[in-house]
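Each chain is listed here by its residues.
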Amino acid sequence: MAKPITQILWTELEPGCVIVEPGNAREYRTGDWRTMGHPKVDTERCVKCAQCYIFCPDAAIERTQEGYFLPNLYYCKGCGICAHECPVKCIEMVPEGE
Amino acid sequence: MGKRVGMEVSIAIAEAACQANVDVVAAYPITPQTHIVEHLSELVADGHLDAEFVPVESEHSAMSVCIGSSAAGARTFTSTSSQGLALMNEVVYIASSLRLPIVMVVANRSLSAPLSIWNDHSDAMSVRDTGWIQVFMENGQEAYDHVFWAYRVGEDRRVLTPVMIHIDGFILSHMVESLELVDDEIVKKYLPPFEPIHRLHPDKPVTMGAFALPELYTEAKKAQDEALKASWPVILQGWKEWGDLTGRYYRPVETYNLDGAEVALVTMGSMGETACEAADRMRAQGKRVGVVKIRLWRPFPFQEIRKALQGVKVAVVFDRCISFGGQGGPVASEVRAALYGESPRPRVVNFIGGLAGRDVSPGDFQNMVQEALSREDDRQENYKIYGVRE
């Protein structure tokens, strides 16, 4: 999207608010929904099993080049499912700012 | 010239949709609208109309199918009444918000309870603020003509808004009237093919009906409101060109015998003709009474109402719906709002009547005028239910 949402004028909307640019939902920062902290991954203990990646309801976990799975905090809503599902308990939910 | 026939108004409306060459009809039968879609289903089954007729399981589905097909670029028609309109309510808003030029004929009928199949405007008023262009028809010829007009205006790229054509249930829908049907050549001249700006098509994917954050919703609604208001010149142009082709000219507001009128009866829908009859009788008695008939309900013709009622002392507004605990009737509410800044302005007296098919005769209108003249003060919120036994 060329313009931040708070700068779009009513005259600039398509009729019926149609979205003509496919995939622009990726610009929606769902990360600012977080209230319960965010996941912190201990890569020392991570076995690269991808359970967190599979269970994440927002597809907010990305695979690094080394094969670890880390949350993308732009999208992560902090639900904690990854930490709950991790079989080796290497994901800890920590308060924002840590 | 067209062909003059004696025809039930519902059948004529279906014939108009057929002549407009609609692509999709999705509807559910409900009294008193049924004859319209019943006849359309026959026209499709008999091969006179090349369209998809979707016999859906409810009115909610009817409007949903209309939205989907209109979004794909199909010229789409439906019709309903009363409870059916109430059931489809949430999708009625979506059709206009997505700016899909569906045409819907509403055979107006009262809302339950008590259950009633007869005519008033309570169903229409339940969708007053849905953002559709809305007209109220006085007779069958108007209803037939306005099907073409509705597509012409709604599909215009400057408008792209659905259009609701209100006809009084039974009083119009089941009336056999002398009508002039236009030749297909006229329709071809008047109504260009539907070319939407955006359509659901795999060649150019778009998203319709996505969500909007608080940061954008206000802008979306502003755009919709401005689009509806901007339909005004297209509405007028559509009427003018129809008049040039057929000799039948329409306006947002019709006036009758208003010259020097002291009292104006203000009506909407088929009651207009009854009010004119009453006005004639009163003129014959030397009373200066005229009639103002509102055809265009949304966008509301504020200026035309002010102009029509200029110099009139008392405006007797007849509503066929109650706004419970509010100002009385929705028509009177708009008329009063239109006049609020005027000085001098007519006294507005609001009667509510003709509910659920209760007959309103010219004599009733005469009584209303008499009563209005005998009353002194009329505040904004005052109204009276006419003819109620007490």
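Residues numbered from 1 in each chain as written. Chains lettered and ligands numbered in written order. Predicted model: local features only at pLDDT ≥ 70, side-chain atom pairs only at ≥ 80, totals over all residues.

With respect to the overall build of chain B
Alright, step 1. What chain B contains, in helices and strands, is 14 helices and 15 strands.
Alright, step 2. For 390 residues, the compact-globule estimate of 2.2 N^0.38 gives 21 Å, and chain B sits close to it at 21 Å.
Alright, step 3. Taken along the three principal axes of its C-alpha coordinates, chain B extends 65 × 55 × 45 Å.
Alright, step 4. The proportion of buried residues among the 390 residues of chain B is 50%.
Alright, step 5. Taking all contacts inside chain B whose residues are at least 6 apart in sequence as the whole, residues at least 24 apart take part in 80%. (Helix = DSSP H or I, 4+ residues; strand = E, 2+ residues; numbered from the N terminus. Rg over C-alpha atoms; globule rule 2.2 N^0.38 Å. Buried ≥ 20, exposed ≤ 12 C-beta atoms within 10 Å, placed from the backbone. Contact = placed C-beta atoms within 7 Å.)

Notes on the sheet that holds strand S13 (residues 314-319) of chain B
Residue and element names in this part refer to chain B.
Alright, step 1. Strand order in the open sheet formed by 6 strands is S9-S11-S10-S13-S14-S15, and the pairing between neighbours is mixed. Taken across any chain shown, the strands that pair with only one partner, and hence form the sheet edges, are strand S9 (253-256) and strand S15 (384-385).
Alright, step 2. The sheet strands contacting helix H11 (residues 271-284) are S9, strand S10 (263-268), strand S11 (289-294) and S13, and the helix crosses S11 at an angle near 170°. (Pairing = 2+ DSSP bridges. Axes fitted to C-alpha atoms, helices over the stretch in contact; angles between N-to-C directions.)

Topic: the domain arrangement of chain B
All names here are of chain B.
Alright, step 1. Looking at chain B, the domain boundaries give domain 1 (3-246) and domain 2 (253-385).
Alright, step 2. Relative to domain 2, the C-alpha centre of domain 1 lies at a distance of 28 Å.
Alright, step 3. Taken together, the contacts link 27 residues of domain 1 with 19 residues of domain 2.
Alright, step 4. The greatest single-element share of the side of domain 1 that touches domain 2, amounting to 4 residues, is contributed by strand S6 (residues 133-136). (Domains from an automatic or database assignment.)

Details of the nonpolar core
Alright, step 1. Of all hydrophobic cores here, the largest spans 119 residues; its most connected members are Ile13(B), Ile165(B), Leu265(B), Val266(B) and Val316(B).
Alright, step 2. When residues are assigned to domains, this core turns out to be shared by domain 1 (3-246) and domain 2 (253-385) of chain B, each giving three or more.
Alright, step 3. Excluding its chain neighbours within four sequence positions, the residues that come into contact with Leu265(B) are Ala275(B), Ala278(B), Ala279(B), Val289(B), Val291(B), Val316(B), Phe318(B), Phe365(B) and Val369(B).
Alright, step 4. Listed in part, the 13 residues of the second largest apolar core include Val41(A), Cys56(A), Ile61(A) and Cys76(A). (Core = buried A, V, L, I, M, F, W, Y, C linked by C-beta atoms within 7 Å.)

A short note on the sheet that holds strand S4 (residues 76-80) of chain B
Residues and elements named next belong to chain B.
Alright, step 1. The strand order across the open sheet built from 7 strands is S3-S2-S4-S5-S7-S6-S12, with neighbouring strands paired in mixed fashion. The two strands at the open ends of the sheet, each matched to only one other strand, are strand S3 (52-55) and strand S12 (296-298). The average undirected angle you get between the axes of adjacent strands in this sheet is 20°.

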